[in-house]
2 protein chains.
Amino acid sequence: MGRGKTELKRIENSTNRQVTFAKRKNGLLKKAREISILCDADVSVVMFSEAGNMTEYSSAPLIEQLARYQKESGKTLWDAKHERLSAEIDRVRKENSNLQIELRHLKGEDLKPLSPQELHALENALEDGYAGARAKIKEHHRKLKKNGRLLEEENKRLSATYVSAAAAKQMEHGSNVKVELRNGVGCI
Amino acid sequence: MGRGKTELKRIENSTNRQVTFAKRKNGLLKKAREISILCDADVSVVMFSEAGNMTEYSSAPLIEQLARYQKESGKTLWDAKHERLSAEIDRVRKENSNLQIELRHLKGEDLKPLSPQELHALENALEDGYAGARAKIKEHHRKLKKNGRLLEEENKRLSATYVSAAAAKQMEHGSNVKVELRNGVGCI
DNA sequence: ACCCCTATATATAAAGG
DNA sequence: TCCTTTATATATAGGGG
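Basis of the calculations
Residues numbered from 1 in each chain as written. Chains lettered and ligands numbered in written order. Predicted model: local features only at pLDDT ≥ 70, side-chain atom pairs only at ≥ 80, totals over all residues. Heavy atoms only, no water. Near = heavy atom within 4 Å. Polar contact = N/O pair within 3.5 Å; in protein donor to acceptor, adjacent residues only side chain to side chain. Helix = DSSP H or I, 4+ residues; strand = E, 2+ residues; numbered from the N terminus. Nonpolar A, V, L, I, M, F, W, Y, C, P; charged D, E, K, R; others polar. Phe/Tyr/Trp six-rings, centres within 6.5 Å; stacked < 30°, edge-to-face > 60°. Lys NZ or Arg CZ within 6 Å of the ring centre and 35° of its normal. Contact = heavy atoms within 4.5 Å. Buried area = accessible area lost by both parts, 1.4 Å probe. Salt bridge = Lys/Arg side-chain N within 4 Å of Asp/Glu carboxyl O. 1 Å grid on protein atoms, 1.4 Å probe; cavity = no way out; pocket = protein on both sides within 12 Å on 5 of 7 lines; lining within 4 Å. Points joined across faces, edges and corners; volume = space filled by probe spheres on them. pLDDT = per-residue confidence, 0-100. Expected span 1.5 Å × (residues − 1). Buried < 20%, exposed > 50% of the residue type's maximum accessible area, 1.4 Å probe, protein only.

### As for the protein's contact with DNA strand C
- Close contacts around DNA strand C come from 17 residues, with Lys23, Arg24 and Lys30 of chain A together with Arg3 and Gln18 of chain B the closest.
- Counting only the atoms of DNA strand C within 4 Å of the protein, the fraction contributed by sugar and phosphate is 75%.
- Taking methionine 1 of chain A, its main chain carries an N or O atom lying 3.1 Å from a base oxygen of DNA strand C.
- Mapped by element, the contributors of at least two residues to the surface near DNA strand C are helix H1 (14–38) of chain A together with helix H1 (14–38) of chain B.
- Tallied by class, residues from the surface near DNA strand C come to 2 nonpolar, 7 polar and 8 charged.

Right, here's the structure in full:
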C-alpha cells in the first residue's frame, strides 16, 4: 500500500519500522472502531510496540471481553496465567541461584561440593578471567584519564548516582553476595 | 472503500451487516498479522460478532499480552494474587540482571558506564577477591588430595553429575555470561 | 452464507521539509 | 520525530451467481 510493494517480513531499517508502526497502528485502530460501529460487534485490540509502548482499543470493557473469551474458547485465562507465573518464578529463581553460585565460586566460597577437577578448572577460570578483566579495566581506566579533568568531574557526578542506585538495590533485596560485591565496587 | 462511501454508523440491513463483518474481520486480522510481522510488535485482537461468534488473533500468547496490559495500564484484570506473583517475577528478574552485570564487570566487560573511581574499586575487588579465592581453592584442593584415591573416585562421580547438570542448565537458558563461566568450570 | 468481480475509497510507502 | 504530499497498493461496497 504505497509506492513500493512491501514484503511481509520484519522491516530491517529501524526508523522505517517505527514510522510504519505508527501509521499502521492508527490504521488498525481505525478499522477496529469502524467494524465495531458498522457491524455492531465487540472488538478489543491490545498492541505493544517494539519499545514496549502499549496501545489499546476496546469497544466494551476489556475485562468483559475476556470473560466472554474464556466462556467461548473454553480456555481458562486466569488459572492458566497462574500456572505460567508460577513456572516463570521457578525458572527465574533457579537462574538467580545459579548466578549466585557462580559468583560465590569465583569468590572462593562454597567450594565443598566441587571435585578436584572442577576446582582445577575454577582456578584456571579465575586466572584467565582475572588477567583479562584486569587488562581491560586498566585499558579503560587509562582511556578515561586521557580525557582530563572535565570528564572526570562528570564521572564523579555519575559515580555518586551509581553508588546511591547500588545502595537502593541493596535495601531492596540484600543478597549477601551482591551486597558484598556492591560494597567493593561502590565504596572507596 | 468500495463503490459507495459508507457512513460510520451501524449498517441497518442485517444481511449487509453480516457480510461486511465477515469481510472486515478478515481485513482486520490481516492488518494485525502484518503489523506484528513488519514492525516486530505484539498485537492481540479479540472480536465478537453480533451473533456472539468469537475470533481471536494474538502474535504472542494472549495471557502474556494481558499481563503486560495490566502492568502498563494499571488496570486490574484479575486478582491480587497474580499481581503478587508478577511482582515477584519482576523482582527476581531485576536481581538476575544485577547479578549478570556484576559478573560482566568482574570479567572486564561493559566497563564503559563506570567512572574512574568505580573502575579503581573494581580493580581492588578483583585483586582481593582473586587472592582470597585462590587461597581458599588451593587449600580446599590440598585437603581433598589428602583423602586419597577413594575419595577422588567419589569426586569424579560427583563431577560427572555436576558437569551434566551444568550442561543441562546451559541448554535451558544459555546466558552468555553463564555459559562461558560454566564452560570454564565444567570442562577443564 | 459464500464466492467472484470490479469500481472506488482508503491506507500507506517513499520522499522532502 | 512528525507532518505533508504524492503515487500506488489494498480493502471493500455493491452486485451477480
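### Some thoughts on the packing of aromatic side chains
- A complete count under the given rule lists 0 aromatic pairs over all chains for this structure.
- Note that arginine 68 of chain A overlies the ring of phenylalanine 48 of chain B, its terminal NZ or CZ placed 4.0 Å from the centroid.

### Describing the protein's contact with DNA strand D
- Around DNA strand D, 18 residues are found, and the nearest of them are Arg3 of chain A together with Met1, Lys23, Arg24 and Lys30 of chain B.
- Near the protein, within 4 Å, the atoms of DNA strand D are sugar or phosphate in 74% of cases.
- Between glutamine 18 of chain A and DNA strand D, the recorded distance is 3.1 Å, taken from a side-chain N or O atom to a phosphate oxygen.
- Threonine 20 of chain B is positioned with one of its side-chain polar atoms (N or O) 3.4 Å from a phosphate oxygen of DNA strand D.
- Looking at which element gives the most residues to the surface near DNA strand D, the answer is H1 of chain B, with 6 residues.

### Describing the interface of chain B and chain A
- Tallying the contact residues gives 112 residues for chain B and 110 residues for chain A.
- The junction of chain B with chain A conceals about 11000 Å² of combined surface from both sides, 66% of it contributed by carbon and sulfur atoms.
- Its largest share of buried area at the contact with chain A, chain B owes to Leu38, Phe48 and Ile137 of chain B, together 7% of the area lost on that side.
- The interface formed by chain B and chain A holds 9 salt bridges in total.

### Focus: the side chain of glutamate 95 of chain A
- By secondary structure assignment, the location of glutamate 95 of chain A is in helix H3 (residues 77–106).
- Within the structure, the side chain of glutamate 95 of chain A is placed 3.3 Å from the side chain of glutamine 100 of chain B, a separation counted as a polar contact.

### Quick notes on the layout of surface pockets
- Reported here for the largest pocket is a volume of approximately 560 Å³.
- If you go around the largest pocket, you meet 21 residues; those closest to its centre are Lys31 of chain A together with Met1, Thr20, Lys23 and Arg24 of chain B.
- Tallied by class, the residues present in the lining of the largest pocket amount to 7 nonpolar, 6 polar and 8 charged.
- A volume near 460 Å³ is recorded for the second largest pocket.
- At the level of elements, H3 of chain A together with helix H2 (62–73) and helix H3 (80–106) of chain B are the ones that each hand at least two residues to the lining of the second largest pocket.
- Along the lines of polarity and charge, the residues of the lining of the second largest pocket split into 5 nonpolar, 5 polar and 11 charged.

### Topic: the confidence of the model for chain A
Residue and element names in this part refer to chain A.
- Per-residue confidence for chain A averages 76 on the pLDDT scale, and 72% of its residues sit at or above 70.
- For chain A, the element scoring lowest by mean pLDDT is helix H6 (residues 176–186), at 31; strand E1 (residues 42–48) scores highest, at 96.
- Low pLDDT, under 50, characterises residues 161–188; the stretch is placed with 43 contacts to residues that sit more than four places away or in other chains.

### Comments concerning H1 of chain A
- Helix length check: H1 of chain A, at 25 residues, gives a terminal C-alpha distance of 35 Å against a target of 36 Å (1.5 Å per residue), a fit within 8%.
- Among the residues making up H1 of chain A, those that are buried are Arg17, Thr20, Phe21, Arg24, Leu28, Leu29, Ala32, Glu34, Ile35, Ser36 and Leu38 of chain A.
- On its buried face, H1 of chain A is in contact with E1 and strand E2 (54–58) of chain A together with H1 and strand E1 (42–48) of chain B.
- Among the residues of H1 of chain A, the N-terminal cap falls to asparagine 13 of chain A, whose side-chain oxygen and the backbone nitrogen of threonine 15 of chain A are separated by 2.9 Å.

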